[in-house]
Structure formats: C-alpha cells, structure tokens
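Residue strings, one per chain:
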Amino acid sequence: MRDLSEKWSVAPDWQGAVIATPGLAVRTVFGLNQLLVSGDLDAWARASSIGGTGVGAFGIAQGDRYAARLARDRLLVVSNSPLAIAMGWHAEGFAVTAISAGLQVFEVKGMALDAFIARGTTLDPAKPSASAALSFAGISAVVYRLDGKLRIHVDRGLAAYLWTWMETAAGNIATGSTD
C-alpha cells in the first residue's frame, strides 16, 4: 500500500512551536474553551454572561470571555475558563456545542502584522466586517484582534498547513520578498 503521509505537512510540537522573525511572532494559544452557538443569539445573550453580537473580521474582542460572529445566527464563543451553560439545545431557541478540541488557535503579533494580513486575505484590515469567518491563507478561518494581536482559529486538521504557510509568509516578510 502506498504511504500517503509524505503528502501532508508534519505538525510541530504545538507546545513549543514559535515563529519569530523581525517584526512578527506567531505562537499557538492553549487552554481556551470554544463553543459554537447557533440559533437565536438574542436569547443566547440573555442566558449567558456574554452579551453583544460578537466581533467581525479584524474586530477587537475584549476580556476573558467574548464572541466572534460567524453568521447571522452563529457565534464562536471563546473563554479562558469554562462557561456555566449546558451543551445541547435550549428551549429559548439556541444550541451550544463544545468545539474546543476541533479548533487550533494561533496568535500573531508584531510591527509586520499588516503585511502578514495582506498575504493572507484580500480584506482590508482597517474595515472590520460583520463576520469573523473568512478565507485566510486559502482556508476557512475565524480571524479577529485581541490585546493588539491577531487571533486565528482553524480546523485542527488544517493547523499544520496553516503553520507551514505562516512560516513561509513570515520568512518572506522578513526578507522583503514579494512571493
């Protein structure tokens, strides 16, 4: 049988993985609780400690608990600690699903952040959109800002690809390459 594993990027040891170039640093974020909320978001806001409609692409999230808007009726809720809300369907009209294990989170910071964003998407980072879900580096991602850094959530299965892309992008930015 043919070994197809050589086609895939090898995932680094995420615990110690860091990309550091002049003007840019990338690391993996651990320990976040991530929930997908679908349905009546006003009912969710009333039932939870997280109000608002969630930040869009390049929007600024604040605090230890916040939400990123994915669609008209969907949020990615991120928290540093577990939320006291049951998973599943709620009679108020929304559903909550734990997806922490399904998403890898990266944090990017530095003076070259705008150049990094320009390589990843055609969206203007100065004009936040309603949805934080977008195509970044050719894959679906959730992208917003927190504490002056860019946060990127991707499906865990695509994390090694995105890491390789980020290494290349950071290296090209550092050398001034237009590739």
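## What to know about the pattern of salt bridges
And then number 1: Evaluation of the coordinates by the stated rule reveals three salt bridges.
And then number 2: In this structure, the salt-bridge partner of Glu-107 is Arg-27, at a minimum N-O distance of 3.0 Å. Of this pair, Glu-107 sits in strand 9 (residues 103-109) while Arg-27 sits in strand 2 (residues 24-29), placing them 80 residues apart in sequence.
And then number 3: The partner of Arg-151 in a salt bridge is Glu-107, with the nearest N and O atoms 3.0 Å apart. Of the two residues, Arg-151 sits in strand 12 (residues 149-155) while Glu-107 sits in strand 9, which places them 44 residues apart along the sequence. Just as Arg-151 is buried, Glu-107 falls in that class too.
And then number 4: Through salt bridges with shared partners, a single network forms among Arg-27, Glu-107, Lys-149 and Arg-151.

## Observations regarding the pairing of strand 9
And then number 1: Among the seven residues of strand 9, six are classified as buried, and the element is accordingly described as predominantly covered.
And then number 2: With five bridges connecting them, strand 2 and strand 9 associate as antiparallel partners. In the sheet register, Ala-25 faces strand 9, and the bridge partner there is Lys-109.
And then number 3: Here strand 9 pairs with strand 12 via six bridges, running antiparallel.

Quick notes on the rules
- Residues numbered from 1 in each chain as written.
- Predicted model: local features only at pLDDT ≥ 70, side-chain atom pairs only at ≥ 80, totals over all residues.
- Heavy atoms only, no water.
- Salt bridge = Lys/Arg side-chain N within 4 Å of Asp/Glu carboxyl O.
- Helix = DSSP H or I, 4+ residues; strand = E, 2+ residues; numbered from the N terminus.
- Buried < 20%, exposed > 50% of the residue type's maximum accessible area, 1.4 Å probe, protein only.
- Pairing = 2+ DSSP bridges.

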